[in-house]
Amino acid sequence: MLDLKDFNFSESQNTFDFKGFFLKLIGYWKWFLVSLVITFLIAYNVNIRKEKVYGLGASVVVKDENNSFFTSNTSLVFNWGGVSEKVQTIVTTLRSRTHNEYVVDRLEYYIQYLQKGEYYFEDVYGNTPFYVQIDKNKGQLLGLPIKIKFLSVNKYELSVDFTDIKSCNLYHYVDYTKSSFKNNNKVFTQTFLIDEQVELPFLNLTLHLQPGSDNFLGKEYYIKFNDFNSVVAKYKNIDVSLNSKAQSVVNLQLEGSNKNRLVEYLNATVNILKRNQLESKNKFATNTIAFIDSTLAVMEGRIKDAENELKDFRQGKNVFELESGGEMLTQKLSEYDIQKDQIDRKIKYLNHLKSYLEKSTDFSKLPAPSVAGIDDPNILTNVSKLIQLSAQRDELSYAVKNNTYFTEFDVEMDAVKKVLLENIESAKSASLIDLNIVRNNIAQAEGQVSLLPEQKQEHLKITRKYNLIDNIYSTFLHKRQEALIVKASNVSDIEFIDSAKDVGGGLIGPKTSINYILAFILGILIPFLIVFVLTLLDNNINNSDDIAKLTKIPLIGVIGKKNTENNLSVFEKPKSPLAESFRAIRSSLQFLYKKQKVDGAKTLMLTSSVSGEGKTFCSINLATVFALSEKKTVIVGLDLRKPKIFGDFNIDNVTGVVNYLIGQKSVEEVIQSTHVPYLDVISSGPIPPNPAELLMSEAMHEMIEELKKRYDYIILDTPPVGLVADALELAHFCDATIYVTRQGYTKKGMLGVVNERHKRGELHNISILLNGFQNKAKYGYGYGYGYGYGYGAYGEAYMEVTREIPWWKKVLNKFKK
């Protein structure tokens, strides 16, 4: 046996054969076809099982709507800032959790209306003949489909499958909490009347028919209650973007499986935002009206008391006499009293505002400074800005979870507060100066009043009190009416450009084309990778190029695949391409013998790397082509360990080479004739215990010499040189050696053994034969040698060309049978 160190690849080239690999890919076209069919079938089944996804949109414009009734004296409109600030606020609000919670709760989108389709439950919201009204204070079954089947126009069957479900959850939409519910692991079924209150441990609702519903008898629907926060999280992902050409235009886009839901949600979210924005815009007016109403409630009692006091004093007295002589003083003191009251209200408001700023953090409920008669533009602007920032911070507290963002708000609000406190101190100082002036004027007028009779002084005092309260009351009434006018005339800064509407189309998914593209890529990639791995792992000789890369030993010929049941292919089909291949080798050998000047009998040894490479097949057919040329030829079976050669000639293996070598038989006795003219066979005979020693004996030399006297060609069928060393002992008897390799069978490493033997001179005059060759692309060889030898269409006139039956015809033939 040979040592493993003989198997080396030192002479091989480690370059990748791209052309051969490409041809091999073509050879596996059936794999690619099957792979593509499978991947496209998978893609098709995935596509038909996916729920359709629609995308609908709406667009709004944000304007800076100025109130025609707003003047610099009213200052009752909440200022959202410029258009750009409004737009950013609107975009953030539409994405906020608080806003979407309100919309989802109002539309009750946590209730799903479903119908069982072929592959999935379809959302049929807006297309059902009924709707349900739930009791939010009680729990509803969470997550499980509830089946509703209409039995008649006023009766339906409600069922829930609790099989294999140990415990269920109930959801309470009043406070968004969950509780557990134990069921009996059975299918619950009960009949109810339409509009009847359903009160079950796991369900509390009333089913109503939609107006104009018909043709629903026998149909089945499902309702399902979902987690409120999960539904809000889904709609919170609404796509809100600014128009690139008009920054005041906001585009809304929403995706879902039901277009009715999309239309309703998009329009509802904008309408609710419009209402909230208008309420915020009226914040000053609303706060002012509330403040005035509370003040008027107190003032009504005081004005009645003053009026009654004045009536009581005048009763039984001459009013003209009481008023004569003091009209001018009364008018003057009333004016001073009104001025003093206005200044007092300003100072009181400023003190209240200062205290509020220092102690509170929510400034959204501040009344307008104008209600106290303050017209300082700095105070008006800063109070408006502070209310705006406070309102924005509250609205964004649920939508934004970024502490840095709120820190920026707080820093800006603190800066406004600081400036506003300075404004308050400045205004307060100016008001105190004005108050002292008014007080002095009142003191002078009261000095003049002291000169009047006592009754006139008392009447003047009561009249002054009544006039002051009446003026204050009238002023507040005027301010309230002014605030109501401003509030009523305000319009939202948000207007629809295009409201959401289902006009057909809108289908955006599933993206079937992408799935088919992926199917195509995978259908090509998977067999490609398999063939690539097989190519990398393939260590077999597949074509003549592989032999040329691995050794410098010449290639004497290429033999096609056997086309007969036995090994006598040349004899049975002498005109076949296979027979022509052996004749070509015969010609090459004759040229080789002539070049070496070999006269007389020629001896040819055939060996291989391992068993199964077709060594015996080649020996028989090479001997046949020599015999058919009327050359006396003998095949000597020297594979003493595994004799084969006798079977194809219908002869026995009782006597053979072994019998001659041990002296039992003569040459004449071991030679057996065959039915092939000019061809004899010497089989190996019984298997000996010492085959190597027998082949090395002098008797072997004598047998060869004897055969040379009798035959023109001696073909030695020897054991594989890659397994045993017997063939090396016979090499010196031979004029030429053929090393047989087989396509897709012989390992590339085996040629290293031949290279080493050839270098050491153990095998001389050696050539390589490639056996079992198929001109197929899967071996990375779509050119060169073949059965036809380039005869083309005319080759059939010279040879018996065997055409392979296509695989699809073989399948059809089987079905026909």
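Starting from 1, residues in each chain are numbered consecutively following that chain's sequence as written. Predicted model: local features are reported for residues with pLDDT of at least 70 only, side-chain atom pairs are reported and counted for 80 or more only, and whole-chain, interface and lining totals are derived from all residues. With hydrogens and water set aside, each side-chain value is computed from the structure's full complement of heavy atoms.

Q: Please clarify how unusual backbone geometry should be interpreted in this entry.
A: Only a minority of non-glycine residues have a phi that is not negative, and only a minority of peptide bonds are not trans. Positive phi values are uncommon outside glycine, yet Asp-164 reaches one of about 65 degrees. Here Asp-164 is to be found in the loop between β7 (155-161) and β8 (167-172). Judged by its relative accessible area of 73%, Asp-164 falls in the exposed class. Residues other than glycine seldom take positive phi values, yet Asn-650 does so here, at roughly 55 degrees. Only runs of H or I of at least four residues qualify as helices and only runs of E of at least two qualify as strands under DSSP, and these elements are numbered from the N terminus. The classification of residues rests on relative accessible area computed with a 1.4 Å probe and restricted to protein chains. Under 20% of the type maximum is buried, over 50% is exposed, and intermediate values are partly exposed.

Q: Mind showing me how you'd approach the pattern of salt bridges here?
A: Should the charged atoms of two oppositely charged side chains come close, the side chains can pair. Any Lys or Arg side-chain nitrogen found within 4 Å of a carboxyl oxygen on Asp or Glu counts as a salt bridge. One pass over the full model with this rule turns up 21 salt bridges. Between Glu-220 and Lys-147 there is a salt bridge; the shortest N-O distance is 3.3 Å. Of this pair, Glu-220 sits in strand β13 (residues 220-225) while Lys-147 sits in strand β6 (residues 146-152), and the two are 73 residues apart along the sequence. According to the relative accessible area criterion, Lys-147 is partly exposed, its value standing at 22%.

Q: Even after reading the chapter, I still don't get the sheet that holds strand β4 (residues 130-134), so can you show me in this structure?
A: Within a sheet, each strand pairs with its neighbour through backbone hydrogen bonds, oriented either parallel or antiparallel. One open sheet accounts for 3 strands, arranged β4-β12-β11; its pairing is antiparallel. Strand pairing shows two members of the sheet lacking a second neighbour, β4 and β11 (197-200), which therefore form its edges. The sheet shows a mean angle of 25 degrees between the axes of neighbouring strands, direction not considered. Relative to strand β12 (residues 203-209), β11 runs antiparallel, the two being bridged by 4 bridges. Bridge assignment links Gln-197 to a residue of β12, and that residue is Thr-206. Note on pairing: two strands pair once DSSP finds at least 2 bridges between them. With axes taken as lines fitted to C-alpha atoms, and helix axes fitted only over the stretch in contact, angles between N-to-C directions fall between 0 and 180 degrees.

Q: What am I meant to see in the pairing of strand β20 (residues 633-637) here?
A: Moving residue by residue along a regular strand, the side chains alternate between the two faces of the sheet. When you tally the buried positions in β20, you get 5 out of 5 residues, the bulk of the element. Burial of the side chains of β20 extends over both faces: Thr-633, Ile-635 and Gly-637 are buried on one face and Val-634 and Val-636 on the other. Taken together, the 4 bridges between β20 and strand β22 (residues 679-682) define a ladder with parallel strand orientation. Residue Ile-635 lies in a different strand from β22, and its bridge partner there is Val-681. Across 5 bridges, β20 lies against strand β23 (residues 713-717) in parallel orientation.

Q: Can you walk me through the packing of helix α16 (residues 577-595) against helix α17 (residues 615-628) in this structure?
A: Where α16 meets α17, the axes come as close as 9 Å, and the angle between the chain directions of the two elements is 75 degrees. The angle between α16 and α17 places the two elements in the roughly perpendicular class. Two secondary-structure elements touch here, α16 through Leu-578, Ala-579, Phe-582, Arg-583, Ile-585, Arg-586, Leu-589 and Gln-590 and α17 through Phe-617, Cys-618, Asn-621, Leu-622, Val-625, Phe-626 and Leu-628. Residue polarity is assigned by list, with Asp, Glu, Lys and Arg as charged and Ala, Val, Leu, Ile, Met, Phe, Trp, Tyr, Cys and Pro as nonpolar; anything else, Gly included, falls into the polar class. Grouping the amino acids of the contact of α16 with α17 by side-chain chemistry returns 11 nonpolar, 2 polar and 2 charged. What sets the label is the angle itself: under 35 degrees gives roughly parallel, over 145 gives roughly antiparallel, 65 to 115 gives roughly perpendicular, and the rest give oblique. The contact rule is simple, with two residues in contact once any of their heavy atoms fall within 4.5 Å.

Q: I keep staring at the side chain of His-208 and nothing clicks. Help me out?
A: Within the fold, His-208 resides in strand β12. Judged by relative accessible area, which is 16%, His-208 ranks as buried. The contacts of His-208, once residues within four sequence positions are left out, are Pro-129, Phe-130, Tyr-131, Gln-133, Ile-194 and Asp-195.

Q: Would you explain helix α6 (residues 259-281) in this entry?
A: Spacing of three or four residues puts side chains on the same side of an α-helix, whose turn is 3.6 residues. Compared with the 33 Å implied by 1.5 Å per residue over 23 residues, the 33 Å span of α6 between its first and last C-alpha is a close match. Residue Asn-258 occupies the N-cap position of α6, its side-chain oxygen lying 2.9 Å from the main-chain nitrogen of Asn-260. Between the first and last residue of a helix there are one fewer steps than residues, each counted as 1.5 Å, and that sum is the expected span. By the criterion applied in these results, polar contacts are pairs of N or O atoms within 3.5 Å in which, for protein atoms, one can donate a hydrogen and the other can accept it, and in which residues neighboring in sequence qualify only through two side-chain atoms.

Q: What is the right way to look at the environment of Glu-702 in this model?
A: Along the chain, the position of Glu-702 falls in helix α21 (residues 698-710). By relative accessible area, which is 44% here, Glu-702 ends up partly exposed.

Q: Please explain the packing of aromatic side chains as it appears in this structure.
A: How two aromatic rings sit relative to each other is set out by the distance from centre to centre and by the angle between their planes. What counts as a ring pair is set by centres within 6.5 Å for rings of Phe, Tyr and Trp (its six-membered ring), and what kind of pair is set by the plane angle: stacked under 30 degrees, edge-to-face over 60, tilted for all other angles. Scanning all chains against the criterion turns up 29 aromatic pairs. Their ring planes at 45 degrees and their centres at 5.5 Å tell us that Phe-181 and Phe-202 sit as a pair that is tilted. Taken together, the positions of Phe-181 in strand β9 (residues 177-182) and Phe-202 in the loop between β11 and β12 put the pair 21 residues apart, joining distant regions of the chain. Assigned by exposure class, Phe-181 and Phe-202 land together as buried. Geometrically, the ring pair formed by Phe-582 and Phe-617 is edge-to-face, given 5.8 Å between the ring centres and 70 degrees between the ring planes. Remark: Phe-617 occurs in helix α17 and Phe-582 occurs in helix α16; sequence separation between them is 35 residues. Taken individually, Phe-582 and Phe-617 each receive the classification buried, so the pair is uniform in this respect. Following the ring pairs from residue to residue traces out a cluster consisting of Tyr-109, Tyr-113, Tyr-125, Phe-130, Phe-150, Tyr-156, Phe-192, Phe-216, Tyr-221, Tyr-235 and Tyr-265. Sitting above the plane of the Tyr-109 ring, Arg-261 keeps its charged end 4.8 Å from the centroid. For a ring to carry a charge above it, either NZ of a lysine or CZ of an arginine must fall within 6 Å of the ring centroid while also lying within 35 degrees of the normal to the ring plane.

Q: Whenever I open this one, the packing of helix α4 (residues 97-107) against α6 confuses me. Can you help?
A: Each pair of packed helices can be described by the angle between their axes along with the distance between the axes. Closest axis-to-axis distance for the α4/α6 pair is 10 Å, and the angle between their directions is 120 degrees. As the angle between them shows, α4 and α6 are arranged oblique. Of the two elements, α4 crosses α6, and the hand of that crossing is right-handed. Facing His-99, Asn-100, Tyr-102, Val-103, Val-104, Arg-106 and Leu-107 of α4, the residues of α6 in contact are Glu-264, Tyr-265, Ala-268, Thr-269, Ile-272, Leu-273, Arg-275 and Asn-276. Residue composition of the contact of α4 with α6, grouped by class: 8 nonpolar, 4 polar and 3 charged. For any helix crossing, the convention is left-handed if the near helix is rotated counterclockwise from the far helix by under a right angle, and right-handed if that rotation is clockwise.

Any link to function would need more than the numbers given here.
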